[in-house]
Amino acid sequence: MKKFFIQTFGCQMNVYDGQRIAAMLESHGWTAAPNVDTADLIILNTCAVREKATNKVYSALGRIRRAKKPDTLFGIVGCVARESGADAFKRIPDLNFVLGPQSYHKLPQLLDNPDAKLLNIDLGGLEKFDALPKMVRSPAVAYIPIQEGCDHCCTYCIVPYTRGREISRPFDDVMADTLHAANTGAVEICFLGQNVNGYKYTDANGKLYRLSDLIRATAAIDAVKRIRFTSSYPTEMTDDLIEQFKTEEKLLPFLNLPIQSGSPDVLTRMNRPYSLDLYIDIVDKLKAARPDIQISSDFIVGFPGETDADFDQTMDIARRVRYINSYSFKYSPRPHTAAALMRDQIPEQIKSVRLARLDGFLNEIQREFNQGCVDRVMECLFEGPDKTGQNLVFRTPYMQQVIVPKTGDDVPTLARIKITAANKASLRGELIND
Ligand code: SAH
Ligand code: F3S
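Predicted model only: the values in this text are computed from it and were never measured.

(A) Quick peek at the environment of methionine 135. Relative to the helices and strands, methionine 135 is located in the loop between helix 6 (127-131) and strand 7 (141-145). Overall, methionine 135 belongs to the partly exposed group, its relative accessible area being 22%. Setting aside anything within four residues of it in sequence, one finds methionine 135 in contact with Gln19, Ala23 and His180.

(B) Expanded view of the side chain of threonine 54. By the element assignment, threonine 54 lies in helix 2 (residues 51-67). On the accessibility criterion, threonine 54 (6% relative accessible area) is buried. When residues no more than four places from it in sequence are discounted, the contact partners of threonine 54 are Cys47, Ala48, Val80, Glu83 and Arg334.

(C) Molecular detail of the packing of helix 13 (residues 308-321) against helix 14 (residues 348-372). Relative orientation of the contacting elements helix 13 and helix 14 amounts to 10 degrees, with a least axis distance of 11 Å. Classified by the angle their axes make, helix 13 and helix 14 are roughly parallel. The segment helix 13 lies against helix 14, with Asp308, Phe311, Asp312, Thr314, Met315, Ala318 and Arg319 engaging Arg354, Arg357, Leu358, Phe361, Leu362 and Ile365. Taken together, the residues that form the contact of helix 13 with helix 14 break down as seven nonpolar, one polar and five charged.

(D) Structural detail: the site of ligand 1. Within the structure, ligand 1 sits among 14 residues, and Tyr156, Gln194, Gln260, Asp298 and Ser332 are positioned closest to it. Note that an oxygen atom of ligand 1 is positioned 3.0 Å from one of the side-chain N or O atoms of arginine 50. A distance of 2.6 Å separates a nitrogen atom of ligand 1 from a polar backbone atom of glutamine 194. When the free accessible area of ligand 1 is taken as 550 Å², the share hidden by the protein chains comes to 85%. Elements represented by at least two residues in the shell around ligand 1 include exactly strand 16 (298-301) and strand 17 (327-330). Per-class residue counts for the shell around ligand 1 are five nonpolar, five polar and four charged.

(E) Quick peek at the pairing of strand 10 (residues 188-192). Of all five residues in strand 10, five are buried, a share of seventy percent or more. Residues of strand 10 alternate between two faces, with Glu188, Cys190 and Leu192 on one and Ile189 and Phe191 on the opposite face, all of them buried. Sheet topology places strand 7 next to strand 10; five bridges connect them, and they run parallel. Note on strand 10: the bridge partner recorded for proline 145 is leucine 192. The pairing of strand 10 with strand 13 (residues 226-230) spans five bridges and is classified as parallel. Paired with leucine 192 across the two strands is threonine 230, which belongs to strand 13.

(F) View of the packing of helix 8 (residues 171-183) against helix 9 (residues 211-219). In the contact formed by helix 8 and helix 9, the axes pass within 11 Å of each other and the chain directions differ by 35 degrees. In this structure, helix 8 crosses over helix 9, and the sense of that crossing is right-handed. Mapping the contact onto sequence places Phe171, Val174, Met175 and Thr178 in helix 8 and Asp213, Leu214, Ala217 and Thr218 in helix 9. Class assignment for the residues of the contact of helix 8 with helix 9 results in five nonpolar, two polar and one charged.

(G) Structural view of the nonpolar core. Ranked by internal contacts, the top residues of the largest apolar core, which has 62 residues, are Phe191, Phe229, Met237 and Leu286. If one sorts the elements of this core by residue count, helix 12 (residues 276-289) sits on top with six residues. What leucine 286 contacts, discounting residues up to four positions off in sequence, is Met237, Ile242, Phe245, Leu255, Leu257, Ile293 and Ile295. Grouped together as the second largest cluster of nonpolar side chains are 28 residues, Trp30, Leu99, Phe129 and Leu381 included.

(H) Here's a closer look at the site of ligand 2. Looking at ligand 2, the residues that line it are Cys150, His152, Cys153, Cys154, Tyr156, Cys157, Val159, Pro160, Gln194, Tyr233 and Arg272. Its residues assigned to classes, the shell around ligand 2 comprises eight nonpolar, two polar and one charged.

(I) Representation of helix 9 within the structure. Taken across its nine residues, helix 9 has seven buried, putting it largely inside the fold. Among the residues making up helix 9, those that are buried are Leu211, Ser212, Asp213, Leu214, Ile215, Thr218 and Ala219.

(J) A look at the sheet that holds strand 13. Spatially, the three strands line up as an open sheet ordered 7-10-13, and their pairing is parallel. Only two strands of the sheet have a single partner each, and these edge strands are strand 7 and strand 13. Between one strand axis and the next, the sheet turns through 20 degrees on average, direction left out of account. Each of strand 7 and strand 10 touches helix 1 (residues 12-27); the most contacted strand, strand 7, lies at about 100 degrees to it.

(K) The sheet that holds strand 18 (residues 377-385), seen in detail. Taken together, the five strands give a closed barrel; going around it, the order is 18-19-20-22-21, and neighbouring strands pair in mixed fashion. Averaged over all pairs of adjacent strands, the angle between strand axes in this sheet comes to 55 degrees, irrespective of strand direction. Pairing geometry for strand 19 (residues 391-395) and strand 20 (residues 401-405), over five bridges, is antiparallel. What sits directly across from valine 393, in strand 20, is isoleucine 403.

(L) How the structure looks around the packing of aromatic side chains. Scanning the entire structure with this criterion turns up ten aromatic pairs. Aromatic side chains tyrosine 233 and tyrosine 274 sit 5.9 Å apart centroid to centroid with 80 degrees between the ring planes, which places their arrangement in the edge-to-face category. Here the residue tyrosine 233 occupies a position in the loop between strand 13 and helix 10 (239-247), and tyrosine 274 occupies one in the loop between helix 11 (264-269) and helix 12, the gap between them amounting to 41 residues. As far as the burial class goes, tyrosine 233 and tyrosine 274 line up, both buried. Between phenylalanine 303 and tyrosine 331, the ring centres sit 5.4 Å apart and the planes meet at 70 degrees, which makes this aromatic pair edge-to-face. With a gap of 28 residues between them, phenylalanine 303 in the loop between strand 16 and helix 13 and tyrosine 331 in the loop between strand 17 and helix 14 connect regions that are remote in the sequence. The same class applies to phenylalanine 303 as to tyrosine 331, namely buried. Ring pairing ties together the aromatic residues Tyr156, Phe303 and Tyr331, which thus form one cluster.

Here is what the cut-offs are and how they apply
- Residues numbered from 1 in each chain as written.
- Chains lettered and ligands numbered in written order.
- Predicted model: local features only at pLDDT ≥ 70, side-chain atom pairs only at ≥ 80, totals over all residues.
- Heavy atoms only, no water.
- Helix = DSSP H or I, 4+ residues; strand = E, 2+ residues; numbered from the N terminus.
- Buried < 20%, exposed > 50% of the residue type's maximum accessible area, 1.4 Å probe, protein only.
- Contact = heavy atoms within 4.5 Å.
- Axes fitted to C-alpha atoms, helices over the stretch in contact; angles between N-to-C directions.
- Parallel < 35°, antiparallel > 145°, perpendicular 65-115°, else oblique.
- Nonpolar A, V, L, I, M, F, W, Y, C, P; charged D, E, K, R; others polar.
- Near = heavy atom within 4 Å.
- Polar contact = N/O pair within 3.5 Å; in protein donor to acceptor, adjacent residues only side chain to side chain.
- Areas by Shrake-Rupley, 256 points an atom, 1.4 Å probe, with all protein chains shown as cover.
- Pairing = 2+ DSSP bridges.
- Left-handed = near helix turned anticlockwise from the far one by under 90°.
- Core = buried A, V, L, I, M, F, W, Y, C linked by side-chain atoms within 4.5 Å.
- Phe/Tyr/Trp six-rings, centres within 6.5 Å; stacked < 30°, edge-to-face > 60°.

Laid out in structure tokens, this is it:
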């Protein structure tokens, strides 16, 4: 039997795409290889959001072409494929395929004709969702994409170029995938989109569906115990959605609401036209709806023209909101984006200093939050054993990892766990047997 190996980089959308590619190959009679050496087909499922992510893909390709069997096919799918296009074949001449994030369902064409070079970086919209087989069994956490692309056009971001215009999937299609996942093992549903809370779908009768409608319909499915969604745009956090945090207990009290910068000037140049007052107002409304809610953010430091005073405003907003579990990045100029052409690019060394300051502070908040969880009892989702096999790994409603000593073979998918200790990265706990 022929074997494939997929390595996925980047966001949850890529993780989902990777699972669908695997399901597609399995439906063609292929099986997963444990490593590159034994594979007949190697696929790098790639991320282009920062330059480092793209470079990582090309160095991995260099390693793979030396390690693989001579007749093994290899190539890239996803955002680097779309970013590089035909240039990828110039950089790596023996590459067999380059398929963008909306054309990886064309891969079987290569299996039929392995000597051809396959290039397709078209933006096919929702075509891939219809073209791919469903997964036979769902993992406990099912990622369900509800849209593709993004219309926000933040000036630093390559995603609108790599994934195209924003398109919402039909409500019935999303619910069919959700039900299928729930019927085949999913306990947690995570709705995915580059701008997930901007979901808008109008059916043939003119009825408009929003993310709040998807959440309400999903909460009514018995087998689903936890619901979340990522990634949200601040001003699309509408009142109907905020209300869901009050009414739907299954919606987890944790939300990624990226602010990117605390400086109004930088936000304007990023083409993120919201005021800090509006952002704070949304956070306050969320807290009123769900007092135990916690917010995380993505931050970019060293955006073109960012002054020390701008950066201090980012520190101020982090202090004010007390974000947990955030991601922060040095600004990275990307092709096909407006910010790459802006004057006043910030030197790397200043970016590093600012990133270290911000990270230091975010880690401190995270540590304090984790410490505050000690002695609390939380309902947590079982993820699997740890590397040693002696412990079990669970996820709290705030996506913290909890390590629990293994006591028996019968592990519930959702368990009540008493948190016994905390550090920055993870918690320790013990199962409560009611
Ligand atoms: N809404 C999207 C965001 C995609 S990019 C989502 O689904 O998550 C993820 C994060 O990467 C962004 O929130 C931003 O903080 C960061 N990012 C995007 N472009 C970047 C760039 N050019 N340099 C540094 N960080 C960037
Ligand atoms: Fe990128 Fe901004 Fe959309 S970060 S994905 S353009 S909301």
